[in-house]
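# Analysis of the macromolecular model
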Amino acid sequence: MAKMVSLTIDGRPVSVSEGTLIVNAAKTIGIDVPVFCYHPKMEPVGMCRQCLVEVGRPAIDRATGQPVIENGQPKINFGPKLETACTTPVSEGMVVLSQSDKARASQKEILEFLLTSHPLDCPVCDKGGECPLQNLTMEHASPQSRFLFDEKHHAEKRVPLGDKIWLDRERCIQCARCIRFQEQVAGEPVLAFYQRGRSTDIITSSEPPFDSIFSGNTTDICPVGALTTADFRFGARPWEMKAAASICSLCPVGCNVTFNTRREAKSRARTGTTTAGGKVVIKRAMPRQNEQVNEIWICDRGRFEWHYVEREDRLEKPLVKKNGKLEKVSWKVAIEEIGNKVKGNKEEVVVLASGRLSNEDLFNLKQLADGLGGEALLYDSLPGGELTTKYGVSAGTNIGDMGAGTTILVAASDLYHEAPIWHLRVKQAAERGATLIIVNSEATRLDKYAKHLVRCEKGEAAKKVRELGAAVKDAKNLVIFFGADGSSALAEACAELVKSRAGKPNNGLVGVWPRANDQGALELGFKPAQDLQAVFEKASVVYIVGADPIGDGAIKTQNVKRKPFIIVQELFLTETAKLADVLLPAQAFTERDGSYTSGERRVQRFYPAVPALGETKADYAITALIAAELGIEVEGRSAGLVMDKLAAAVPAFADITYGKLAETTEQWPIIGRADLYYGGTSYQNSQGLGVPLGRENKKAEEGSL
Ligand code: SF4
Ligand code: SF4
Ligand code: FES
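Residues numbered from 1 in each chain as written. Chains lettered and ligands numbered in written order. Predicted model: local features only at pLDDT ≥ 70, side-chain atom pairs only at ≥ 80, totals over all residues. Heavy atoms only, no water.

## Looking at the overall build of the protein
Counting its regular elements, the protein contains 22 helices and 34 strands. C-alpha extents for the protein along the principal axes are approximately 95 × 65 × 50 Å. Out of the 705 residues in the protein, the part that is buried amounts to 59%. For the protein, the accessible surface area stands at approximately 28,900 Å², while carbon and sulfur atoms represent 50% of it. Looking at charge distribution, the protein has the averaged site of its 88 positive side-chain charges lying 1 Å from that of its 88 negative ones. (Helix = DSSP H or I, 4+ residues; strand = E, 2+ residues; numbered from the N terminus. Buried < 20%, exposed > 50% of the residue type's maximum accessible area, 1.4 Å probe, protein only. Areas by Shrake-Rupley, 256 points an atom, 1.4 Å probe, with all protein chains shown as cover. Lys, Arg positive; Asp, Glu negative; His and termini not counted. Charge placed at Lys NZ, Arg CZ, Asp CG, Glu CD.)

## Regarding the pairing of strand β29 (residues 541-545)
Counting buried residues along β29, five of its five residues qualify, which places the element largely inside the surrounding structure. Residues Val541, Tyr543 and Val545 line one face of β29 and the alternating positions Val542 and Ile544 line the opposite face, and both faces are buried. Bridging between strand β21 (residues 349-353) and β29 involves five bridges; their strand directions are parallel. Across the sheet, residue Leu352 finds its bridge partner in β29, namely Ile544. The pairing of β29 with strand β30 (residues 565-570) spans five bridges and is parallel. Looking across to β30, one finds that Val541 is bridged to Phe565. (Pairing = 2+ DSSP bridges.)

## Quick word on the site of ligand 1
The immediate surroundings of ligand 1 are formed by 13 residues, with Cys172, Cys175, Ala176, Cys178 and Cys222 found nearest. Of the residues assigned to the shell around ligand 1, the class counts are eleven nonpolar, one polar and one charged. (Near = heavy atom within 4 Å. Nonpolar A, V, L, I, M, F, W, Y, C, P; charged D, E, K, R; others polar.)

## Comments concerning the site of ligand 2
Taken together, Cys248, Leu250, Cys251, Val253, Gly254, Cys255, Ile298, Cys299, Gly302, Pro420 and Ile421 make up all the residues around ligand 2. When grouped by side-chain class, the residues that make up the shell around ligand 2 number nine nonpolar, two polar and no charged.

## Quick word on helix α8 (residues 359-372)
Between the first and last C-alpha of α8 there are 20 Å, a value that for 14 residues agrees with the 20 Å anticipated at 1.5 Å per step. Of all 14 residues in α8, eleven are buried, a share of seventy percent or more. In the segment just after α8, Gly373 is the residue with positive phi, at about 80 degrees. (Expected span 1.5 Å × (residues − 1).)

## Describing the sheet that holds strand β33 (residues 602-606)
Judged by pairing direction, the sheet is antiparallel, and its three strands sit side by side in the order β32-β33-β34 without closing on themselves. The sheet is open, and its two borders are formed by β32 (594-597) and β34 (691-692), each paired with just one other strand. Sitting on the sheet, α8 is in contact with β32 and β33, with an inclination near 90 degrees to β32. (Contact = heavy atoms within 4.5 Å. Axes fitted to C-alpha atoms, helices over the stretch in contact; angles between N-to-C directions.)

## With respect to the nonpolar core
By size, the foremost hydrophobic cluster in this structure holds 137 residues, and its most contacted members are Leu436, Phe481 and Phe653. Other than its neighbours up to four places away in sequence, Phe481 contacts Ile399, Ile408, Leu409, Val410, Ala411, Leu415, Trp422, Val426, Val510 and Val512. One finds Ile29, Val53, Cys131 and Cys175 within the second-largest nonpolar core, a separate group that totals 54 residues. (Core = buried A, V, L, I, M, F, W, Y, C linked by side-chain atoms within 4.5 Å.)

## Examining the environment of Glu183
Mapped onto the fold, Glu183 is located in helix α4 (residues 177-185). Look at Glu183 and you get partly exposed, because its relative accessible area is 47%. Residues Glu183 and Phe565, spaced 382 residues apart in sequence, show a C-alpha to C-alpha distance of 55 Å. Discounting chain neighbours no more than four positions away, the residues touching Glu183 are Glu188 and Pro189.

## Some points on the pairing of strand β2 (residues 12-17)
Note: strand β1 (residues 4-9) against β2, six bridges, orientation antiparallel. In the strand pairing of β2, Thr8 is matched with Pro13. Counting the residues between successive antiparallel strands, the hairpin from β1 to β2 contains two residues, one of them, Asp10, with a positive phi of roughly 50 degrees.

## Side note on a nonpolar patch on the surface
A cluster of nonpolar residues, Val45, Met47 and Phe193, forms a patch on the protein surface that exposes about 220 Å² of accessible area. Taking relative accessible area as the criterion, Phe193 reaches 33% and is therefore assigned partly exposed. (Patch = residues over 30% accessible without salt bridge, like charges linked within 9 Å, V, L, I, M, F, W, Y side chains within 5 Å. Salt bridge = Lys/Arg side-chain N within 4 Å of Asp/Glu carboxyl O.)

## Observations regarding the packing of α8 against helix α18 (residues 619-629)
Packing of α8 against α18 brings their axes to within 8 Å, and their N-to-C directions diverge by 15 degrees. Viewed along their axes, α8 and α18 adopt a mutual orientation that is roughly parallel. In the packing of α8 onto α18, the handedness of the crossing is left-handed. For the pair α8 and α18, the contacting residues are Glu360, Asp361, Asn364, Leu365 and Leu368 in the first and Asp619, Tyr620, Thr623, Ala624, Ile626 and Ala627 in the second. In terms of residue class, the contact of α8 with α18 is made up of six nonpolar, two polar and three charged. (Parallel < 35°, antiparallel > 145°, perpendicular 65-115°, else oblique. Left-handed = near helix turned anticlockwise from the far one by under 90°.)

## A short note on empty space enclosed by the protein
Counting across every chain of the model gives eight cavities of 30 Å³ or more. Reported here for the largest cavity is a volume of approximately 190 Å³. Lining the largest cavity are 16 residues, and of these Thr219, Thr229, Phe232, Arg284 and Met286 lie nearest its centre. The set of elements that each furnish at least two residues to the lining of the largest cavity consists of α5 (217-221), β13 (227-229), β18 (280-287) and α6 (300-304). (1 Å grid on protein atoms, 1.4 Å probe; cavity = no way out; pocket = protein on both sides within 12 Å on 5 of 7 lines; lining within 4 Å. Points joined across faces, edges and corners; volume = space filled by probe spheres on them.)

## Things to note about the domain arrangement of the protein
Per the domain assignment, the segments of the protein are domain 1 (4-115), domain 2 (159-310), domain 3 (319-381 + 521-662) and domain 4 (385-512). In this structure, domain 3 and domain 4 have C-alpha centres spaced 32 Å apart. The interface is formed by six residues belonging to domain 3 together with eleven residues belonging to domain 4. Of the roughly 750 Å² buried at the junction of domain 3 and domain 4 (both faces included), carbon and sulfur atoms supply 54%. Considering only the surface of domain 3 that becomes buried against domain 4, Leu522, Glu600 and Arg601 emerge as the three largest contributors, covering 67% of it. There are two residue pairs in polar contact (both at pLDDT 80 or more) connecting domain 3 and domain 4. A per-class count over the side of domain 3 that touches domain 4 returns two nonpolar, one polar and three charged. (Domains from an automatic or database assignment. Buried area = accessible area lost by both parts, 1.4 Å probe. Polar contact = N/O pair within 3.5 Å; in protein donor to acceptor, adjacent residues only side chain to side chain.)

## Considering unusual backbone geometry
A cis geometry characterises the amide bond from Glu207 onward to Pro208, with omega recorded as 0 degrees. Of note, Pro208 is situated in the loop between β12 (201-204) and α5. Between Trp668 and Pro669 the backbone carries a cis peptide bond, its omega angle lying at 0 degrees. Looking at the element boundaries, Pro669 is found in the loop between α20 (658-661) and α21 (676-679). A positive phi angle, close to 50 degrees, is found at Asp10, a residue other than glycine. Despite not being glycine, Asn506 shows a phi value in the positive range, around 65 degrees.

Structure, rendered in structure tokens:
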């Protein structure tokens, strides 16, 4: 255990572990030392001098080595100069004054100096309202400047740093947070300073420019409006927006996000792809802190690719095919049509669903399939992926804790593109000393962090993984990420390496799934769909939810000999939806509540951000309507009630409730709150950190694959 050090800051005692920086010690007791260049996720550099404080240390008697006592108290010697709280570690008996006249005068002067060349265009700056420079100026700065306005640096007002990020060079205060983030956190040093003094510019050195999937994070940590996203720029003011907690639905990492929403004006307001005209719409997606999942970061897919939910071609009303054409009908008519068809063909019903759906949706679909005696199949998951329900990672696992002693194997997966935040966290684990082994047929951006790089032919990753037994045998912890390599052999080979460790924190398998909730579907008993063509030909009724096998080319309609009755539940008129006999409009995940199970087997809850569109319903509720029509009891009144049934029925989910999923604990670093200058504009998590799934020990103990 780290040695503890006791000190006082502004007269308040605090004990922190040895090596803690003054700025962080202060934060733990609610004292906000103003900072610009410091960020708790990056190495301190002491560049901006905003955090100057008075520091006193106990005088030591040279003869005895003991503190000098005066008037019954240790004598404190204050240095002649102020010190930067962001680079100075605490020491025993230290006395820090962050708000003394001397410290405040200095903080004020640094601000005055920074403002000598700041354009002060707050009324039109996107950062206005959540700007550290604006906030600190209001709190600490002098109302008047001793410098002349005309001496300010003038530059072209905005330049693209890449296709997603704009740079306003006049606003930059040269804190280097963006450059250091790219270098230290993302591992992609594509930004740099150019020129000197007031002419210092941020430039990008990559081709294409700002070539990083994590670029949006720089706009959160830039303490001024120098970096903004093309997507949100001039979109809204922070105080106009509401915040809804959600989970990114684009990959299995399950990053915690916040959707900021606003009711748009009736005329000419545009949001990404749709004209809003008075509706409540999503303006931007921001990271929400979960140190065990995404820390305070998200990738650019999560930040920018949610716009599809607001496309103008969303389905809004049920449709039934009449004379070869889909015609709008009421929900009652659509559900009766399904009832009439399914009643005579119960056992030949196949449910084909994707991991795009929530746990609640999938549970209800499984209940329906079981109630009818039909099959529930998972569309397009990883071959052999069901082994993760036996040997997946379990409670207590946190990539953020992994370092020396842990071996991480990444097999047939390019985490950078398939699960970007896992790439970032695995890279950091390797930098902390974890042994990274990569088996892949192609080069990936993670390769340079690997201790052992094993190249193989496509489809041969399993053979190479089998040879790694000796290399991983002695690892204290072993985590294996696996992707698709053509057959279930890879998953089996990975499971073989790790199965004896099942149930131990920081050990186990992680499937790099194509979708956010494939893991949930498997935990709930869905079987990976094998030969879809055969499924179509055999079934009398196919109920397809959140999947487009025809659009994806997984089924060739011209080859289907006997077309079943097809029910499709979707957001859009996909190629599969066009073939439907009954087409049911579903709500997007941004319009309803529910939960996903991440690839690390963490169940996390999302909340509605915007009102539901037209007559759409949540998937679990639609399935409950169909079930009721067929005389099967399935809960459909609320997602929380479905979770209660699910938890009672599926051992791995035992005890999970919506209340538990919404619980939070204190996280470090402390972010959000009032002092956006410390951690940036990522959101504090007050809506839930999620719950890791339990383990069905019996299955694991069986030991066989
Ligand atoms: S662009 Fe922002 S984060 Fe980057 S150096 Fe300038 S002020 Fe700092
Ligand atoms: S890593 Fe995955 S879950 Fe996280 S923001 Fe990116 S796409 Fe979304
Ligand atoms: S020098 Fe400490 S925050 Fe910049």
